[in-house]
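# Understanding the architecture of this molecule
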Amino acid sequence: MIPTPDLSHLSTSDYRNIYEPSEDTFLLLDALEADEKQLKELNPSVCLEIGSGSGCVTTFLGCLLKPNQPYMITTDINPLAAVATVMTGKKNGVSIDTVQTSLVTNLLPRLHNSVDVLCFNPPYAVTPSEEIGGQGIEASWAGGVDGREVIDTMLPFVKELLSEKGIFYLLLISENKPAEVIELLQGDGFNAHICLQRLAGREKQFIVKVQR
Amino acid sequence: MRLITHNMLQCHVKNCNDNNFPLRLEEVEVELVEADFQADFLRNILGKLEWEALVNTAVQVGNTSLPATIPDNAADNEEFLKVLHNALLETHIQSGNMVCPNCQHVYPVKDGIPNMLLAEHEI
């Protein structure tokens, strides 16, 4: 069993500005852990997480893949989240480079078909569209109509980013209409299916696993 | 950020489409942080690097150890892989600026994190 990363360097006051790991985060960790064997066999060179927040997910992935240390890169639009991600990596012995940017802007075309493990716990909450576009903690949850607006902006990049053997893990809730998202990904030629789901209070959460 | 990340970043100012990579380093503070040497990883990542950009960037931070071209025997050349490891994974840009060679847009680096966000009118 891979322990949840040590986040003791982050406090309640940090979580006013960055997303605190919650049930959704842990569901993503569980999906990665369930695939431990496959991920190790994949022997990834490049792992990318979009919107890494506290850095919990990428740090966990880095720990899971040890002793191999792939190139771990993450993005976040929130500068405080970017700092937290790097700190969390350091605290747990995982080297992570973080770029403050929106989704994957600046990383294409250089990472074209190069990403072996792609993770995205998106801002999935259903909110008014106007709430999208901030650089604070609201960027971690505000998803607009059906909670899908940021997800739908990101989806076309998946085929640009994923390597031939790459795997993409995407967290969704039922309001995001997972079946529709899966269909969109299948339309891009991917195999996509729900590999894990859980009820967190009233929220039904899913992990969609996507491969070529 | 390590030089490997610098090797992945390009300018995305609206209509800046040519000669927008690699970003030139200015007034950077560099830190060397020891990392585990992984020959296999280096062999795998080699094909994903823009070599000339890496060599030129390393020179900008005072590292002149990289050869101008990737040696033919790179995969088995431990001496080469060690030099690459040092430049790519142990050389961190902690602060400074990255400047687009084309449009001259300045992307600041602070606490080792590049800020690639643009103002609304630049997108």
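Up top you'll find the structure we're talking about.
Residues numbered from 1 in each chain as written. Chains lettered and ligands numbered in written order. Predicted model: local features only at pLDDT ≥ 70, side-chain atom pairs only at ≥ 80, totals over all residues.

## Some words on the overall build of chain A
Rules: Secondary structure counts use DSSP, requiring at least four H or I residues in a row for a helix and at least two E residues in a row for a strand, with both numbered from the N terminus. Note on method: radius of gyration uses C-alpha positions; expected globular size equals 2.2 Å times residues raised to 0.38. Think of it as a crowd count around each C-beta: if 20 or more other C-beta atoms lie within 10 Å the residue is buried, if 12 or fewer it is exposed, and in between it is partly exposed, with C-beta placed from the backbone throughout. Two residues form a contact once the distance between their C-beta atoms, set from the backbone, is within 7 Å.
Counting its secondary structure elements, chain A contains six helices and seven strands. Taken over C-alpha atoms, the radius of gyration comes to 16 Å for chain A, in line with the 17 Å a tight globule of 212 residues would show. Along the three orthogonal principal directions, the C-alpha set of chain A runs to about 40 × 40 × 35 Å. Across the 212 residues that make up chain A, the buried fraction comes to 52%. Intrachain contacts of chain A at a sequence separation of at least 6 include 73% that bridge at least 24 residues.

## Quick notes on the environment of Thr64(B)
Checked against the element boundaries, Thr64(B) lands in the loop between helix H3 (51–60) and helix H4 (78–89). As a C-alpha pair, Thr64(B) and Ala87(B) span 23 residues in sequence and 9.4 Å in three-dimensional space.

## Topic: the packing of helix H1 (residues 23–34) of chain A against helix H3 (residues 56–65) of chain A
Residues and elements named next belong to chain A. Where we set the bar: Angular values range over 0 to 180 degrees, each being the angle between N-to-C directions of two axes fitted as lines to C-alpha atoms, with helices fitted over their stretch in contact. In what follows, roughly perpendicular refers to angles from 65 to 115 degrees, roughly parallel to angles under 35, roughly antiparallel to angles over 145, and oblique to any angle outside these ranges. In this scheme the handedness of a crossing depends on how the near helix is turned from the far one: anticlockwise by less than a right angle means left-handed, clockwise means right-handed. Each residue gets one of three labels, nonpolar for Ala, Val, Leu, Ile, Met, Phe, Trp, Tyr, Cys and Pro, charged for Asp, Glu, Lys and Arg, and polar for the others, Gly among them.
H3 packs onto H1 with a crossing angle of 20° between their chain directions and a minimal axis gap of 10 Å. The orientation of H1 with respect to H3, classified from their angle, is roughly parallel. Every pair of crossing elements has a handedness; the one defined by H1 and H3 is right-handed. Mapping the contact onto sequence places Thr25, Leu28, Leu29, Leu32 and Glu33 in H1 and Cys56, Val57, Phe60, Leu61 and Leu64 in H3. Within the contact of H1 with H3, the residues separate by chemical class into eight nonpolar, one polar and one charged.

## Details of the sheet that holds strand S1 (residues 46–50) of chain A
Residue and element names in this part refer to chain A. How we decide: Should DSSP find at least two bridges between two strands, the strands are regarded as paired.
One open sheet accounts for seven strands, arranged S3-S2-S1-S4-S5-S7-S6; its pairing is mixed. Among the strands making up the open sheet, the edge pair consists of strand S3 (96–100) and strand S6 (191–200). Going across the sheet, the axis of each strand differs from the next one's by a mean of 15°, ignoring polarity. Sheet analysis places S1 next to strand S4 (residues 115–120), joined by four bridges and oriented parallel. Looking at S4, one finds that Leu48 is bridged to Leu118. Sheet strands in contact with helix H4 (residues 79–91) are strand S2 (71–76) and S3, and its direction is about 180° off that of S3.

## Some words on the nonpolar core
All names here are of chain A. Note the following rule: In this usage, the nonpolar core is the set of buried Ala, Val, Leu, Ile, Met, Phe, Trp, Tyr and Cys residues whose C-beta atoms join them within 7 Å.
If you look at the biggest cluster of nonpolar residues, it comprises 86 residues, and the most contacted ones within it are Leu28, Leu48, Leu118, Tyr169, Val208 and Val210. The element that contributes the greatest number of residues to this core is strand S5 (residues 162–173), accounting for eight residues. Leaving out residues up to four positions away in the same chain, Val210 has contacts with Val158, Ile167, Phe168, Leu170, Leu185, Phe190 and Ala192.

In short, geometric facts, not functional conclusions.
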